[in-house]
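Residue-level listing of the chains:
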Amino acid sequence: MTYTLKTFIGSSGERFSQLYEADEPGLPLFYPTAFIARSVRPSATHETQKVYLAVIKRICEWESTRNIDLAMCFHSRKFLSATQIDDLATYLRASKLGSRGSVISSPKYNTYVAYAAVYLCWLAQEVITDFNTRDIRDAIEAQNIMFLEKKRRKAGSESAREQRILAATLSADARNLLLDLFEQPFQCVERRQDLGARIRNVVMLRVLYETGMRVGELLSLKLKNLIEAAGGDSAYLDIVRNHHDVVDKRLHQPVAKTLGRRVPISERLEEQLKEYRDNWRAEVPKVGFSDEDFIFVVHRGGRSQGQALPKTAFDTGLAHLKQSFPALMQIHPHLMRHDWNYRFSEQADIEGIPLEEERPLREQLMGWAPDSQMSRRYNRRHIEEKSHEIGLKIASDTARIAR
């Protein structure tokens, strides 16, 4: 049996997803729907809910292929055997997109195991009327422990993983090409109908480069969020948390994962944003011009023309740029965020900003909460680089004095 995940937009703007049998699309599956509605939705974002449902979808597929009904088994006080737990864990780890035998990444798999364990505990407690008796509680807990033990141990240390993250910056070739493209955005464009999409894509990359914002925040920017320079103050962009925005008609709504904030932009980026808004965007059929309309829109003809740009279209635009400019192949939105933090540390050094002052400034511009773990991580990189410089100078003291 096959299953499908469907997403809807409520009248309040809230996004919600449900799991269906592909051959019986009329009603969603009862237990997955009840679990999400009562145990996940009150405290989790829609993106988290979708991950839970993706895991439950795999569990349902596993039940179907193994001819097992977990609800009936649990109702009869029959819990998963060690062999069945091994088999389910293997099924969760299999990649649906790669070649036969390929697996998903360990972090993703560990998340799947953790979410599956939560659902299995809930389901057992849901269908067993006297689940609160000691023997039933112990049986559910034993199954849960056995299942969680299927998590994969990290292949490398957390420190090594952190070092890889912190070392991620743009290569010199990618940076030079990117900066060149910012000033000459129409390079290699042959057809006039592609000019609007090209300037849009380049301006979006420039926003990511200058501000380090997330791509969800970028795609959520509305016309009212561009505040033009005035009275000696620079222009800036307002980033607003916008979960369940009733104005946003995108089924998979891009959202700001971090705190709302204002981020300054360069004079040249302000000019390009206004040029895109007033010239290229304004020519798109069916586009809106109210404060609540989004800055970046679909240019190509079709039902979605003039509407807010979805994440898939952003990815397609970036892929086209990479095809035209191979030096950009390493670029992805989060790398731009890492690179911004690296440049922030360099600028803090130039200006002589003490580390204790650098951290809250970084947190404000990145939208992190005070005392954020991420700001600690980037400051730690800064300290390590400084200590390396000083250590090298001390090491150089051992050189013999030339006679």
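Structure's up top.
Attention in this report is confined to the structure presented alongside it. (Residues numbered from 1 in each chain as written. Predicted model: local features only at pLDDT ≥ 70, side-chain atom pairs only at ≥ 80, totals over all residues. Heavy atoms only, no water.)

Moving on, we come to helix 4 (residues 82-93). The end-to-end C-alpha distance of helix 4 is 17 Å, a good match for the 16 Å that twelve residues give at a rise of 1.5 Å each. Residues of helix 4 that are buried make contact with helix 2 (46-66), helix 5 (106-127) and helix 6 (134-148). (Helix = DSSP H or I, 4+ residues; strand = E, 2+ residues; numbered from the N terminus. Expected span 1.5 Å × (residues − 1). Contact = heavy atoms within 4.5 Å.)

With that settled, consider the packing of helix 4 against helix 6. In the contact formed by helix 4 and helix 6, the axes pass within 10 Å of each other and the chain directions differ by 45°. Judged by the inter-axis angle, helix 4 sits oblique to helix 6. Where helix 4 crosses over helix 6, the handedness of that crossing is right-handed. For the pair formed by helix 4 and helix 6, the contact residues are Ala 82, Ile 85, Leu 88, Ala 89 and Leu 92 on the first element and Gln 143, Met 146 and Phe 147 on the second. Residue composition of the contact of helix 4 with helix 6, grouped by class: seven nonpolar, one polar and no charged. (Axes fitted to C-alpha atoms, helices over the stretch in contact; angles between N-to-C directions. Parallel < 35°, antiparallel > 145°, perpendicular 65-115°, else oblique. Left-handed = near helix turned anticlockwise from the far one by under 90°. Nonpolar A, V, L, I, M, F, W, Y, C, P; charged D, E, K, R; others polar.)

A full pass over the atoms with the stated rule returns 32 salt bridges. In this structure, Lys 57 engages Glu 61 in a salt bridge whose closest nitrogen and oxygen atoms are separated by 2.8 Å. Here Lys 57 pairs with Glu 61, and both are found in helix 2, just four residues apart, close to one helical turn. Given the relative accessible area of 23%, Lys 57 is considered partly exposed. Given the relative accessible area of 11%, Glu 61 is considered buried. Lys 274 is the partner of Glu 270 in a salt bridge, and the nearest nitrogen-oxygen pair spans 3.8 Å. With Glu 270 and Lys 274 both in helix 11 (residues 267-280), this residue pair falls four residues apart, about one helical turn. What makes Glu 270 buried here is its relative accessible area of 7%. (Salt bridge = Lys/Arg side-chain N within 4 Å of Asp/Glu carboxyl O. Buried < 20%, exposed > 50% of the residue type's maximum accessible area, 1.4 Å probe, protein only.)

Turning our attention to the packing of aromatic side chains. Counted according to the given criterion, the structure contains twelve aromatic pairs. Ring plane angle 20° and centroid distance 6.1 Å describe the contact between Tyr 119 and Trp 122, whose orientation is recorded as stacked. You can see Tyr 119 and its partner Trp 122 sitting in helix 5, three residues apart, about one turn around the helix. Relative accessible area serves as the criterion here: at 4%, Tyr 119 is assigned to the buried category. Using a relative accessible area of 10% as the deciding quantity, one classes Trp 122 as buried. Each member of the aromatic cluster is reached from another via a ring pair, and the members are Phe 35, Tyr 52, Tyr 115, Tyr 119 and Trp 122. One cation-aromatic arrangement involves Arg 93 over Tyr 109; the distance from NZ or CZ to the ring centre is 5.9 Å. (Phe/Tyr/Trp six-rings, centres within 6.5 Å; stacked < 30°, edge-to-face > 60°. Lys NZ or Arg CZ within 6 Å of the ring centre and 35° of its normal.)

Tracing the backbone shows Pro 42 in the loop between helix 1 (30-40) and helix 2. Given the relative accessible area of 60%, Pro 42 is considered exposed. Considered as a pair, Pro 42 and Ala 114 are 72 residues apart in the sequence and their alpha carbons are 19 Å apart. Those residues in contact with Pro 42, other than ones at most four positions away along the chain, are Ile 36 and Ala 37.

With that out of the way, let us pick up the nonpolar core. Ranked by size, the top nonpolar core spans 47 residues in total, and within it Leu 178, Met 213, Leu 218, Leu 237, Leu 273, Phe 296 and Phe 314 carry the most contacts. Sorting the residues of this core by element identifies helix 8 (172-183), helix 9 (195-211), helix 10 (215-219), strand 4 (236-239), helix 11, helix 12 (311-324) and helix 13 (333-350) as the ones contributing at least two each. The element that contributes the greatest number of residues to this core is helix 9, accounting for nine residues. If near-sequence neighbours (up to four positions away) are discounted, Met 213 is found in contact with Val 207, Leu 208, Leu 218, Leu 221, Leu 237, Ile 239, Arg 261, Val 263 and Arg 337. Judged by nonpolar contacts, the second largest core, of 41 residues, contains Cys 60, Ala 71, Cys 121 and Leu 123. (Core = buried A, V, L, I, M, F, W, Y, C linked by side-chain atoms within 4.5 Å.)

On to the sheet that holds strand 5 (residues 261-264), then. Taken in spatial order, the three strands line up as 3-4-5 in an open sheet, and their pairing is antiparallel. The sheet terminates laterally at strand 3 (226-227) and strand 5, the two strands that pair on one side only. Sheet analysis places strand 4 next to strand 5, joined by four bridges and oriented antiparallel. Looking across to strand 5, one finds that Tyr 236 is bridged to Pro 264. (Pairing = 2+ DSSP bridges.)

What follows deals with empty space enclosed by the protein. Enumeration according to the criterion identifies one cavity of 30 Å³ or more in this entry. Of the volumes computed, that of the largest cavity is approximately 30 Å³. Every residue lining the largest cavity is listed: Asn 201, Met 204, Leu 205, Phe 314, Gly 317, Leu 318 and Leu 321. Elements supplying a minimum of two residues to the lining of the largest cavity: helix 9 and helix 12. Considering every element that reaches the lining of the largest cavity, the biggest residue donor is helix 12, with four residues. A per-class count over the lining of the largest cavity returns five nonpolar, two polar and no charged. (1 Å grid on protein atoms, 1.4 Å probe; cavity = no way out; pocket = protein on both sides within 12 Å on 5 of 7 lines; lining within 4 Å. Points joined across faces, edges and corners; volume = space filled by probe spheres on them.)

Backbone geometry at Arg 77 places phi at a positive 65°, although glycine is not the residue there. By the element assignment, Arg 77 lies in the loop between helix 3 (70-75) and helix 4. On the basis of relative accessible area, Arg 77 is assigned to the partly exposed category, the value being 34%. The phi angle at Cys 188 is positive, at roughly 70°, despite the residue not being glycine. Following the sequence through the fold, Cys 188 ends up in the loop between helix 8 and helix 9.

Okay, the environment of Asp 339 next. Checked against the element boundaries, Asp 339 lands in helix 13. Classification of Asp 339 as buried rests on a relative accessible area of 0%. The sequence separation of Asp 339 and Leu 208 amounts to 131 residues, and the corresponding C-alpha distance is 10 Å. Aside from chain neighbours lying at most four places away, what touches Asp 339 is Ala 168, Thr 169, Leu 170, Arg 175 and Tyr 209. A distance of 3.0 Å separates the side chain of Asp 339 from the backbone nitrogen of Leu 170, its partner in a polar contact. (Polar contact = N/O pair within 3.5 Å; in protein donor to acceptor, adjacent residues only side chain to side chain.)

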